[in-house]
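Take a look at the letters that make up each chain.
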Amino acid sequence: MKVRVPVIVKDPEVSRYKGVHPTETVEIDTEERYLDGPISPRVAVLDFDPKSGGLEPGVRFVPPAKPDAAGSYEVPDPVGRGGGEVSREAGAVSLFGTIHKSIKLFEEEDALGRRITWGFDSPQLLAVPRAGELPNAFYERASQSIQFFSFEGGGKRVYTGHSQDIVAHETAHAILDGVAPDLYDALTPQSLAIHESVADLTAVLCAMRSEELVREVLDNRETIGDSNVFSGIAEEFAGALNERRDYLRNLNNKKSLSPKAPSEHRVDRTDPHSLSEVLSGALYRVLIDIFEELRGEYHQSDKASEEVVEEEEASFSVEQARQYAPQKTSGTGAAVKALYVAGQRFKRTLYRGLDYLPPGDVTFADLGRTILAADQASHPDSSRQRDRLGDEFVKRGIVSSLTDLAVQTNFSHPSITGLDLEDLLHSDYVAYQLVNANRRLFNIPDEVTFEVRPRLDVTRLYWHREGKRMVREILLKVGWTETESGNVTGLPRKRRITRGTTLAIEVPASGSSSTPMIRTVVTTGQSAAARRDRTAFLDRLVDTGTLRLGDEALGPTGQILRGAVRGDVRNGTLKVVGTNRFLHVTGEPRP
Amino acid sequence: MSDKLKVRIYNVRFGDAVLVTVPDRTAAGNPITRRILIDVGNAPLVASKVGGDDAVFRPVIEDILNQLGGRQLDLYVLSHEHLDHAQGLLHADRKLFPSGEFAKRFRVRHVWLTASAHPDYYESHDKAKKQRDLAMAEYKAIKSYLSAIAVESLPAFQSLLANNNPQSTKACVEYIRGLNPKRTHYIHRGVKLTGKHGFNDAKFSIWAPEEDTSDYYGRFQPLGLLESAPRGAPATEVPAPPAGVDLGAFLNLVESRTSGIADNLLTIDAAANNTSIVFLLEWRGWKLLFAGDAEIRSWKTMQREGVLSPVHFLKVSHHGSHNGTPDGDLFEAVLPTVPSDNRKRRAAISTWRDTYNGIPHTPTDDRIKTRAELTSTLDDEQALFYELEFEA
């Protein structure tokens, strides 16, 4: 069933001063049914009255007149041009639409190519548009929810749930928790920063799907490099917190891990939000570069060179691209096409890279390797994005050289030749036997016990010189724990961290005589810098009183404290879980 | 006169009352016995009839008065402004003796209060005031919320609510200040102690708190209460889930919206604990550390300021919680694996069961036992006190 809902473009403040229409319509066609709320099988908006705590009646669903038409929600006071108050009904419907828009980005066949599952044991994400008084918003696994608070700032009440950036950001946290659940318990600050970075980049991709914003950018300039419409995150929110602040974060940045970087570009390595700006900045730079290169080429011809994109990836003409938003966009067809193609390519390799992430504590370099592996698998013949990404990672001090990003892709291996892949998919025993017999392939240390995770069965759209085709892959993930040392005040010196390996196997097409290939095998890296970062991060958790050991993580009622990161000490070794109990849009919960 | 320093730890159930008897000398060099009383209090009765049984105060107070033998107490130290450390003397004055009699018998030469207990403290410390105001607003909102609902878990919060009740604590602190207003001193690390006690042989070093207490506050968790005044008044009935939403998930969400209450009460509690006066008493080679209820933020600050050093006696902080005696290098600094000399090392806990979650904490007890002989009020629950002696 389909439903069409109005969603707020960017946020009410940006649409007002940019002069764009404050809402645009999003069509949701992935759900079986829709109910008052809005509610779908996978998302429920629950609007609690901030005055009484009672639950407001859901916004009424209007079913479609014909079976193949789209339904709608009854919003008595739609948000009009020029802004004004956003009614609670308009806010709830916009929230619902933006969440589904974000989900769709991940699920498209050229991205994950599968329906996402949440990081909690339930099919439905609960969304609370008016959760209380706080300049923040968060995803919380324990309550299976994303919660949006409001606060007084800049002379008005600012609702975080009215910001498309913030909603997309929190939805991405919820989705990523299902894709890479180990990040929730990670001790490595870069693991947590990956969560923040992916959340911010999802907000960017959501904004790039807005015709209003595309028009705003491409009408006024041909480039995205000198516009902050896409890269500036949560503008209204940031301005209300501090009038001298333009954005919560700007992804168009030069943030760096290099100790040689100018001080204004350095970040706090123990603060996931600050740290995330390095990764987001690097990836966003790659997006800009690919866009710029494509735009230049499309000015000359309908076809870009094969080093940049596969031909089939952009198999529509520049003139067709101008039809992308014919009445609205006066920008050139070359720029419109470049933005679309670059955005799609960027999205699919980022999200597929996430799917390839090995279990455990991962770093930016690990994600870099999985993105490169995903890009290599999806687009074997066009390497420009991979080259750019490698250069950017080196430039920003994420890795010291390109060899740190080396990853093996597309090779055969005797361990899977002749293996019944259906058995591998469904039998834990077969999976265990495969891993145990091939510890070296999986980089599992001797004498270490490991855990085989449920296999993922995905079918995705790939591009090769011969054209595009659907490819089926089985993702096999294995995790294990290792002990390391680090001196943190008040804690034992030894601690356990999780490492792991992902093995991606391409399943030969039905009826094909070819043997299965290993798409890639990626293991979490080990570095002294990451270990030092973990020590510093633990120190920060202790310092803020967030880390609580054993029963001290329990409140007076015996339930685990809501904000506690729990540590358990066994045989003198510390194990920490729940470092991501909250995934906030900002690390500053109170001004 | 005995030539032993004695530390008498009274069994006040969940609270502290410690009398230290110190052989000392007068200015002229003559032997004299001086006494320090550190805290008298236990958990609020309203919160815990188990740990907060006020009946225990009568024999404790009578023993203290007997020990004083009609002489003035040389120094009273209120470690911090929590009822389980502060309410005993006011209780004695109002409930145990005819009007005015306790004040006549219990006279004090010097009173030490933590720096932030000064009546004008928050007027001169803006940063700490902001934190304190935020904490008090949170306290009021939570109290208002909890009083508006009837939930099974309510009794579990009463200990924290009552112990941190600013009104109750204020009355106790004012009473203690009134014991000798002219010689009530506000103590923090770095304060000059000249004229603030009368000891000659015994030396004091103040390890904590810092004068600026703003760093002792942690973060508060978001609560789904109200967005405008009066914050806290919630719906008293749990709403039903709409069609299409799983009942269990919905109720879980509703509960989670206020589940940060415990976190926030503990944050308020820890902030006050961290203002504890932590002092080292050095006497004829012995080093005795009295740590109040200092938690990890305070210990980390002490370490950063370089004041931590090995001791022979540790009055274990915060009734034996893990946060009161952090592990690792902090623990090593105070009770190192290899002792700094041949003197026996001892530690003492004043605690009670079933009053606060996670206290006492067996792993912490076990850890302390690896470094020192540990004694606890739970070793003999019927005993009025236990006493440790330190020979000259």
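Residues numbered from 1 in each chain as written. Chains lettered and ligands numbered in written order. Predicted model: local features only at pLDDT ≥ 70, side-chain atom pairs only at ≥ 80, totals over all residues.

Concerning the overall build of chain B
Note the cut-off: For helices the rule is a DSSP run of H or I covering at least 4 residues; for strands it is a run of E covering at least 2, with both sets numbered from the N terminus onward. Our radius of gyration is a C-alpha quantity, and the globule rule it is checked against amounts to 2.2 Å times the number of residues to the power 0.38. Partly exposed residues are those whose C-beta has more than 12 but fewer than 20 other C-beta atoms within 10 Å; with 20 or more the residue is buried, with 12 or fewer it is exposed, and the C-beta atoms are placed from the backbone. A residue pair is marked as a contact if its C-beta atoms, positioned from the backbone, fall within 7 Å.
Of regular secondary structure, chain B possesses 12 helices and 13 strands. Its C-alpha atoms give chain B a radius of gyration of 22 Å, within 12% of the compact-globule value 21 Å for 392 residues. Counting the 392 residues in chain B, one finds 50% classified as buried. Long-range pairs, those at least 24 residues apart, make up 77% of the contacts in chain B between residues at least 6 apart in sequence.

Some points on the sheet that holds strand β2 (residues 23-28) of chain A
Residues and elements named next belong to chain A. Quick note on the threshold: For two strands to be treated as a pair, DSSP must find no fewer than two bridges joining them.
Taken together, four strands build an open sheet; the order of strands is β2-β1-β5-β4 and the sheet is mixed. Pairing within the sheet leaves two strands with one partner each, and these edge strands are β2 and β4 (61-62). Here strand β1 (residues 2-8) pairs with β2 via six bridges, running antiparallel. Residue pairing in the sheet places V5 in a bridge with V26 of β2.

Overview of the domain arrangement of chain A
Stated formally: For the domain bounds, the source is a domain assignment made automatically or taken from a database.
Domain assignment breaks chain A into domain 1 (1-179) and domain 2 (537-584). Once you take the C-alpha centre of each, domain 1 of chain A and domain 2 of chain A turn out to be 32 Å apart.

Observations concerning the environment of D381 of chain A
The topology assignment puts D381 of chain A in the loop between α10 (364-378) and α11 (384-395). As a C-alpha pair, D381 of chain A and F316 of chain A span 65 residues in sequence and 19 Å in three-dimensional space.

Digging into the packing of α10 of chain A against α11 of chain A
Residues and elements named next belong to chain A. Spelled out, the test is: Throughout, an axis means a line fitted to C-alpha atoms (over the contacting stretch in the case of helices), and angles, computed between N-to-C directions, take values from 0 to 180 degrees. Oblique is the label for every angle not falling under 35 degrees (roughly parallel), over 145 degrees (roughly antiparallel), or within 65 to 115 degrees (roughly perpendicular). Any residue that is not Ala, Val, Leu, Ile, Met, Phe, Trp, Tyr, Cys, Pro, Asp, Glu, Lys or Arg is counted as polar, Gly included; the first ten are nonpolar and the last four charged.
Axis separation between α10 and α11 bottoms out at 10 Å; the angle between their running directions is 170 degrees. The pairing of α10 with α11 is recorded here as roughly antiparallel in orientation. In this structure, α10 uses G368, I371, L372, D375 and Q376 to contact α11, whose residues at the interface are Q385, R386, L389 and F393. For the contact of α10 with α11, a count of residues per class yields four nonpolar, three polar and two charged.

Here's the deal with the interface of chain A and chain B
Counting from both sides, the interface comprises 54 residues of chain A and, opposite them, 48 residues of chain B. Split by residue class, the side of chain A that touches chain B holds 21 nonpolar, 23 polar and 10 charged.

Comments concerning helix α15 (residues 528-543) of chain A
Two residues of an α-helix separated by three or four positions point the same way, owing to the 3.6 residues in each turn. Residues and elements named next belong to chain A. Note the threshold: Take the residue count of a helix, subtract one, and multiply by 1.5 Å to get its expected span.
Taking 1.5 Å as the rise per residue, α15 with 16 residues should run 22 Å; its terminal C-alpha atoms sit 23 Å apart, in good agreement. Within the span of α15, buried status applies to A530, D533, R534, T535, F537, L538, L541 and V542. One or two steps after α15, the chain reaches G545, where phi turns positive at roughly 75 degrees.

Quick look at the pairing of strand β2 (residues 17-25) of chain B
Residues and elements named next belong to chain B. Across four bridges, strand β1 (residues 4-10) lies against β2 in antiparallel orientation. Its bridge partner being in β2, R8 is matched across the sheet by L19. In this antiparallel pair of consecutive strands, β1 and β2, the connection spans six residues, and R13 shows a positive phi of 65 degrees. Where β2 meets strand β3 (residues 31-40), nine bridges bridge the pair, whose relative direction is antiparallel. Note on β3: the bridge partner recorded for V20 is I36. Where β2 folds back on β3, the antiparallel hairpin that results is connected by five residues, among which G29 adopts a positive phi of roughly 95 degrees.

Details of unusual backbone geometry
Negative phi characterises most residues that are not glycine, and trans characterises most peptide bonds. Note the cis peptide between G37 of chain A and P38 of chain A, where omega equals 5 degrees. Along the polypeptide, P38 of chain A turns up in the loop between β2 and β3 (43-45). A208 of chain B connects to P209 of chain B through a cis peptide bond whose omega is 10 degrees. Looking at the element boundaries, P209 of chain B is found in the loop between β7 (203-208) and α8 (247-256). We note that N571 of chain A has phi near 50 degrees; this positive angle belongs to a residue other than glycine. When you line up the elements, N571 of chain A lands in the loop between β20 (565-570) and β21 (573-577).

Concerning the nonpolar core
Quick note on the threshold: The nonpolar core criterion groups buried Ala, Val, Leu, Ile, Met, Phe, Trp, Tyr and Cys residues into a set whenever they are joined through C-beta atoms within 7 Å.
Counting residues in hydrophobic clusters, the biggest one holds 261 residues, and the most contacted among them are A127 and L294 of chain A together with I176 and L314 of chain B. Of the residues forming this core, the biggest block, 13 residues, is contributed by helix α7 (residues 272-300) of chain A. Both domains that furnish three or more residues to this core are identified here as domain 1 (1-179) and domain 2 (537-584) of chain A. Among the nonpolar cores identified, the runner-up in size contains five residues, and A43, W352, Y356 and I359 of chain B belong to it.

Notes on the confidence of the model for chain B
Reading fine detail from the predicted coordinates is not recommended where pLDDT is low. Residue and element names in this part refer to chain B. Using the following cut-off: For every residue, the predictor reports its confidence as pLDDT, a number between 0 and 100.
For chain B, the mean per-residue pLDDT works out to 90, and 93% of the residues sit at or above 70. The low-confidence segment residues 226-234, where pLDDT is below 50, has 24 contacts with residues more than four positions distant or belonging to other chains. Per the prediction output, this complex has pTM 0.85; the corresponding ipTM is 0.88.

Notes on the pairing of β21 of chain A
It is a general feature of regular strands that their side chains alternate between the two faces of the sheet. Residues and elements named next belong to chain A. The side-chain alternation of β21 yields one buried face, formed by L574 and V576, and one unburied face, formed by T573, K575 and V577. Relative to β21, strand β17 (residues 494-507) is paired through two bridges, and the arrangement is parallel. Counterpart to R495 in the pairing with β21 is L574. For β20 and β21, the ladder comprises five bridges, and the chain directions are antiparallel. Considered in β21, the bridge of R566 is made with V577. A loop of two residues connects β20 with β21, the two strands running antiparallel in sequence, and N571 in this loop sits at a positive phi of about 50 degrees.

Thoughts on the packing of helix α4 (residues 189-208) of chain A against helix α9 (residues 333-356) of chain A
Residues and elements named next belong to chain A. Heads up, the rule is: When the near helix sits turned anticlockwise from the far one by under a right angle, the crossing is termed left-handed; a clockwise turn instead gives a right-handed crossing.
Between α4 and α9, the shortest axis-to-axis distance is 11 Å and the interhelical angle comes to 150 degrees. The angle between α4 and α9 falls in the class roughly antiparallel. Regarding α4 and α9, the two cross each other, and that crossing is left-handed. Residues V198, L201, L205 and M208 of α4 form the contact with α9, whose participating residues are L339, G343, K347, L350 and L354. When grouped by side-chain class, the residues that make up the contact of α4 with α9 number seven nonpolar, one polar and one charged.

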